[in-house]
Amino acid sequence: MGRSSRADAARHREEVVAATARLLRERGAAGVSVQELMAAAGLTHGGFYKHFSSKEELVGIATETAYNEILGMLVQVAEEIPGKTEARAELLNQYLCAEHRDAPGTGCAMVALASDAARAPHDGPLRTAYAAGLEAALDQLTGYQDAEAEVRRAAIADLASMVGALTLARATGGTALSDEILDVVRDALIAQRQ
């Protein structure tokens, strides 16, 4: 395989992974076929096995990619906003908002893939990638906590509240209740540290 062919193959693989990360968050793992995943990247179904051994492998890789996006946001806010209390408030404002709720394809993998991960085999690529991503998110969230003995516990409480609120807000999207959930949980979490 020539240099250009390898570069093209690598680019196509990245395109399939990116498209899959988006579609998984929009429709879930069971809601997309290999043919749809390849088509979303502008490729034919026939080339799938040149890049991946199975749909499960691709789903695991795409889950990691989806997590990297939310982890990037966690890092960015912490770096841009001085002070843990202020950074945490900004994170909550960005995470618990209508724009995030209404963009599942580019939104939080923890929300979008929780049900799929819960149903996946314990040692499968999706469950493994989901658990690793969740641990990485918790590691990042501990940096948002005030100096206290139980930083990890506080990070878990924040994360569970954020993910739960966004899940309920998406499930009730288009209603006043959806906005109310986002507002109430965001305000309650911010008020905890003021």
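Here is a short report on the structure shown in this document. (Residues numbered from 1 in each chain as written. Predicted model: local features only at pLDDT ≥ 70, side-chain atom pairs only at ≥ 80, totals over all residues. Heavy atoms only, no water.)

### Description of the pattern of salt bridges
Right, on to step 1. All chains considered together, the criterion is met by 13 salt bridges.
Right, on to step 2. Close ionic contact of D8 with R11 constitutes a salt bridge, the shortest N to O distance being 3.3 Å. Highlighted residues: D8 and R11, both in helix α1 (residues 3-27), separated by three residues, approximately one helical turn.
Right, on to step 3. Judged by relative accessible area, D8 falls into the partly exposed class, the value being 32%. (Salt bridge = Lys/Arg side-chain N within 4 Å of Asp/Glu carboxyl O. Helix = DSSP H or I, 4+ residues; strand = E, 2+ residues; numbered from the N terminus. Buried < 20%, exposed > 50% of the residue type's maximum accessible area, 1.4 Å probe, protein only.)

### Here we look at the nonpolar core
Right, on to step 1. By size, the foremost hydrophobic cluster in this structure holds 55 residues, and its most contacted members are L91, Y95, L96 and M110.
Right, on to step 2. Going through the elements one at a time, α1, α2 (34-40), α4 (55-80), α5 (84-95), α7 (109-112), α9 (125-142), α10 (151-171) and α11 (176-191) are the ones with two or more residues in this core.
Right, on to step 3. The greatest single-element share of this core, amounting to 10 residues, is contributed by α4. (Core = buried A, V, L, I, M, F, W, Y, C linked by side-chain atoms within 4.5 Å.)

### Things to note about the packing of α10 against α11
Right, on to step 1. Where α10 contacts α11, the two axes come as close as 8 Å, and the packing angle between them is 165°. Between α10 and α11, the interaxial angle falls into the category roughly antiparallel. For the crossing formed where α10 meets α11, the hand is left-handed. Contacts between α10 and α11 involve D158, S161, M162, A165, L166, L168 and A169 on the former and, on the latter, S178, I181, L182, V185 and L189.
Right, on to step 2. Across the contact of α10 with α11, the residue classes tally to nine nonpolar, two polar and one charged. (Axes fitted to C-alpha atoms, helices over the stretch in contact; angles between N-to-C directions. Parallel < 35°, antiparallel > 145°, perpendicular 65-115°, else oblique. Left-handed = near helix turned anticlockwise from the far one by under 90°. Contact = heavy atoms within 4.5 Å. Nonpolar A, V, L, I, M, F, W, Y, C, P; charged D, E, K, R; others polar.)

### Things to note about α10
Right, on to step 1. Taking 1.5 Å of rise per residue, 21 residues should cover 30 Å, and α10 covers 30 Å from first to last C-alpha, within 8% of that figure.
Right, on to step 2. Within α10 the residues assigned to the buried category are V151, A154, A155, D158, L159, M162, V163, A165, L166, A169 and R170. One side of α10 holds all its buried residues, which, seen down the axis, span an arc of 160°. α10 presents R153, A160 and A171 as exposed residues on the side facing more than 90 degrees away from its buried surface.
Right, on to step 3. Buried residues along α10 sit in contact with α5, α6 (98-101), α7, α9 and α11. (Expected span 1.5 Å × (residues − 1). Arc of directions from axis to C-beta.)

### What to know about the side chain of S178
Right, on to step 1. Among the secondary structure elements, S178 is positioned in helix α11.
Right, on to step 2. Here the side chain of S178 touches R101 through a polar contact of 2.9 Å, side chain to side chain. (Polar contact = N/O pair within 3.5 Å; in protein donor to acceptor, adjacent residues only side chain to side chain.)

### Observations regarding the environment of D102
Right, on to step 1. Summarising the element assignment, D102 is placed in the loop between α6 and α7.
Right, on to step 2. Considered as a pair, D102 and K84 are 18 residues apart in the sequence and their alpha carbons are 27 Å apart.
Right, on to step 3. At a separation of 2.7 Å, a polar atom in the side chain of D102 contacts the side chain of R101.

### Some details on the packing of aromatic side chains
What characterises a pair of aromatic rings is the spacing of the ring centres plus the angle enclosed by the ring planes.
Right, on to step 1. Taken as a whole and judged by the stated rule, the model has three aromatic pairs.
Right, on to step 2. Ring geometry for F48 against Y49: centres 4.9 Å apart, planes inclined by 90°, an arrangement best described as edge-to-face.
Right, on to step 3. Residue Y49 is classed as exposed on the basis of its relative accessible area of 57%.
Right, on to step 4. Their ring planes at 80° and their centres at 5.6 Å tell us that Y67 and Y130 sit as a pair that is edge-to-face. Taken together, the residues span a long stretch of sequence, with Y67 in helix α4 and Y130 in helix α9 at a distance of 63 residues. Summarising the burial analysis for this pair, Y67 and Y130 share the class buried.
Right, on to step 5. Put simply, the rings of F48, Y49 and F52 pair up and form one aromatic cluster. (Phe/Tyr/Trp six-rings, centres within 6.5 Å; stacked < 30°, edge-to-face > 60°.)

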